[in-house]
Amino acid sequence: MYSLRFSLKTQKILISLGLAALVSIVFGQTAHFGWVRYDDHDYVYRSGRVTSGLSFSNLAWAFTHFHAANWHPITTLSHMLDCQLFGVNPAWHHFSSVVIHALATIALFFALDSLTGKNWRSAFVAGVFAIHPLRAESVAWIAERKDVLSGLFFALTLLAWSYYARRKSVTRYLLAVLAAALGTLSKPMVVTIPFVLLLIDYWPLDRFRKEKIIWLLLEKIPFALVAAVSAVATVLAQHGQIDTFGFSLPLRFENAIVSYAIYLRQLIWPVDLAVLYPHPEKFFPFLIIAGSAALLIALSTIAIIYRKRFPFLFSGWFWFVGMLVPVIGIVQVGRQAHADRYTYLPLIGITIAIVWLVAELTVRWRFRKQIGALVSAVVIIALSACAYHQTTFWRNADSLWPHTLAVTTNNDGAHLAFATSLFAEGKTEEAIAHARTAAQIRPANAGVYGEVPVGLEGKALDEAILFWSARVENEPNNIGARNTFGVLLVQKHQTRAAVEQWESALALNPNDGNAQSNLAWVFATAPDASLRNGTRAVELAERTLKLAGGINPILYRTLAAAYAEAGRFDDAIATAERGQALAEREGNRELAGEFTAVLAGYRQHQPFRDASLELHEE
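Residues numbered from 1 in each chain as written. Predicted model: local features only at pLDDT ≥ 70, side-chain atom pairs only at ≥ 80, totals over all residues. Heavy atoms only, no water.

Q: What's the story with empty space enclosed by the protein in this structure? I'm lost.
A: Picture a little ball the size of a water molecule; that probe, rolled over the atoms, points out where space is still empty. In total, this model carries five cavities of 30 Å³ or more according to the counting rule given. By volume, the largest cavity is sized at about 60 Å³. It is helix H6 (residues 90-116) that provides the largest number of residues to the lining of the largest cavity, a total of three residues. Residue composition of the lining of the largest cavity, grouped by class: eight nonpolar, two polar and no charged. Of the pockets and cavities examined, the second largest cavity occupies roughly 50 Å³. In terms of residue class, the lining of the second largest cavity is built from six nonpolar, two polar and one charged. (1 Å grid on protein atoms, 1.4 Å probe; cavity = no way out; pocket = protein on both sides within 12 Å on 5 of 7 lines; lining within 4 Å. Points joined across faces, edges and corners; volume = space filled by probe spheres on them. Helix = DSSP H or I, 4+ residues; strand = E, 2+ residues; numbered from the N terminus. Nonpolar A, V, L, I, M, F, W, Y, C, P; charged D, E, K, R; others polar.)

Q: Can you walk me through unusual backbone geometry in this structure?
A: Negative phi values dominate among residues other than glycine, just as trans dominates among peptide bonds. Put simply, Trp203 and Pro204 share a cis peptide bond, and its omega is 15°. Turning to its location among the elements, Pro204 is positioned in the loop between helix H11 (193-202) and helix H12 (207-210). Even without being glycine, Ala68 reaches a positive phi, approximately 55°. For Ala68, a relative accessible area of 25% puts it in the partly exposed group. (Buried < 20%, exposed > 50% of the residue type's maximum accessible area, 1.4 Å probe, protein only.)

Q: It is not clear to me how a nonpolar patch on the surface should be interpreted in this structure. Could you clarify?
A: Taken together, the side chains of Phe208, Ile213, Ile214, Trp215, Leu217, Leu218, Ile221 and Leu225 present a nonpolar region at the surface, about 740 Å² in accessible area. Counting residues per element, the ones that place at least two in the nonpolar patch are helix H13 (213-218) and helix H14 (221-237). Ranked by the residues each element gives to the nonpolar patch, the list is headed by H13, at five residues. Mapped onto the elements, Trp215 comes out in helix H13. Classification of Trp215 by relative accessible area gives partly exposed; the value is 39%. (Patch = residues over 30% accessible without salt bridge, like charges linked within 9 Å, V, L, I, M, F, W, Y side chains within 5 Å. Areas by Shrake-Rupley, 256 points an atom, 1.4 Å probe, with all protein chains shown as cover. Salt bridge = Lys/Arg side-chain N within 4 Å of Asp/Glu carboxyl O.)

Q: Help me understand the pattern of salt bridges, please; the structure alone is not making it clear to me.
A: Any two side chains of opposite charge can pair, so long as their charged atoms come close to each other. Counted under the stated rule, the structure contains 23 salt bridges. Close ionic contact of Asp201 with Lys220 constitutes a salt bridge, the shortest N to O distance being 2.6 Å. Here Asp201, found in helix H11, pairs with Lys220, found in the loop between H13 and H14; they are 19 residues apart in sequence, far enough to count as distant. An identical accessibility class is assigned to Asp201 and Lys220; each is buried. Residues joined in a network through salt bridges with shared partners are Glu137, Glu144, Lys146, Asp147, Lys187 and Arg341.

Q: Please explain the packing of helix H16 (residues 286-305) against helix H17 (residues 311-324) as it appears in this structure.
A: For the pair H16 and H17, the least separation of the axes is 8 Å and the interaxial angle reads 145°. Facing H16, whose interface residues are Leu296, Leu299, Ser300, Ile302, Ala303 and Ile304, H17 presents Leu313, Phe314, Trp317 and Phe318. Along the lines of polarity and charge, the residues of the contact of H16 with H17 split into nine nonpolar, one polar and no charged. (Axes fitted to C-alpha atoms, helices over the stretch in contact; angles between N-to-C directions. Contact = heavy atoms within 4.5 Å.)

Q: Explanation requested: the confidence of the model for the protein chain in the structure shown.
A: As a note on interpretation, predicted positions should not be read in detail where pLDDT is low. For the protein chain, per-residue confidence averages 90 on the pLDDT scale, and residues scoring 70 or more make up 94% of the total. Between residues 448-453, whose pLDDT stays under 50, and residues either more than four places distant or in other chains, the model counts 21 contacts. (pLDDT = per-residue confidence, 0-100.)

Q: Looking at this structure, how should I read helix H1 (residues 8-27)?
A: Each turn of an α-helix holds 3.6 residues, which means side chains three or four residues apart point in the same direction. With 20 residues, H1 should cover 28 Å at 1.5 Å per step; its first-to-last C-alpha distance of 28 Å lies within 8% of that length. Residues of H1 that are buried sit in contact with H6, helix H7 (119-131), helix H8 (135-140) and helix H19 (368-392). (Expected span 1.5 Å × (residues − 1).)

Below you can see the structure in the form of structure tokens.
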């Protein structure tokens, strides 16, 4: 019987093509997807710097400024390149992410094969990495470009390190440092690279036995320095979102322990995945905490006890544990309990541990290769089907948020995000309903509706005003609280009091965009002449639009109204037309319709008046 055999080189080429095909089959559907609006606007289509493409000025800006509350210049440059080549067409931005993920998968295969010499085991680990359902968020969400980019450079770091460890040279060492630096500049989570390299030195490279430990530590110093710079920049960029005071340390520590267990469960049983898992904000039942802690202690103990017989357990397990440390929630950024995207690189370690353990324990089985091939094929096909299904939810906001709300509970963040998307689609009543639900779940959300013009009334409005009034009194320097309090005061028709809050916010930070745009709108459109000030409205609106990168259609609406109030109707018309074009490009039909209405007035030299700013007795 003829046996089909390929050379090792041909096998690697075929494996690479197979991995690329898997990624294409599962994630190629994203080429027909749109923006989900959730963070996409901050990262891409409302960032004037990003949409203007590559230039020397933008290159310098990417490295010297924070972007979307992060410092990840390589990621920013990748978005700029996409805009340079494809404009703001989401299909091509999705395509770029899929290609980068495919390259990361292939690079991971070659890195593991080089490190271990195990061709098919490495291929299977790379395959799981490629199409596990947890990858859907990282690949299908344009704003998560930083995941796939950091994954590519991380895999290249491992490959370069393998070459360096086997035949040391300055060039190979510097290539490893460069790849690690590019990965860290793509996503700060990769600051754990020095730790992972030490684990790789232990297994599979076995350098701890062959070389002095002090030397192994010293050669990681450049990697650690790169990590330190990125960590400091990240803390500075995210200081406004770090919520260490919102949750007590015991609560954060407890959530971290449970999150580790959840990630392990999701690796084996990836169901009910969501873009946003709300933080429980209360202690878990004792059995859940105890069970999660016992699981972590048991697996850590096994990895340590069997480190000599099964060294891959030690390296793989602590790869998983260590890489999650920056995002496990001890330092809480945002209000999520955990996130699928955080598993992009950490789960490689635990997958390696499982695959190598199964292979070693079945080494004497009859028909081992045939059984292994069959089981591997079944696992890959099953994961691919689940990942394909999970990816379909990322088609647009109308599919993403209903799914998220269906698989989570008390998810105020999901309600708010869905409200914003619904409003942009012109579904105002549905948007308001979701925004109000968010306020019911968390009173602190009252008045914080982004672009959704929610009008609270009655008891709900009074309670919200009471809440934020106390917040401002207790935290007089809290700019966000003053801005929100002002929004609520307007809904109470206490516009003068609202102006006072926004003026106070502006005094605290002259470049606060929220206070600037709110004041500009009032000064331009208030029905009461004593509140209007066209000159100041223009000044504030122009400054706000410039700070926002000149690409937010809502700010164009404000500036157009300011120009009209100042009697500059030609400028008002041109500005409104530009805003309308941007709104249509984003698919915001409601806002585009508003521009049509106000343009008719501007062409007749009539300034716009916002009836919601009508003064009542204060």
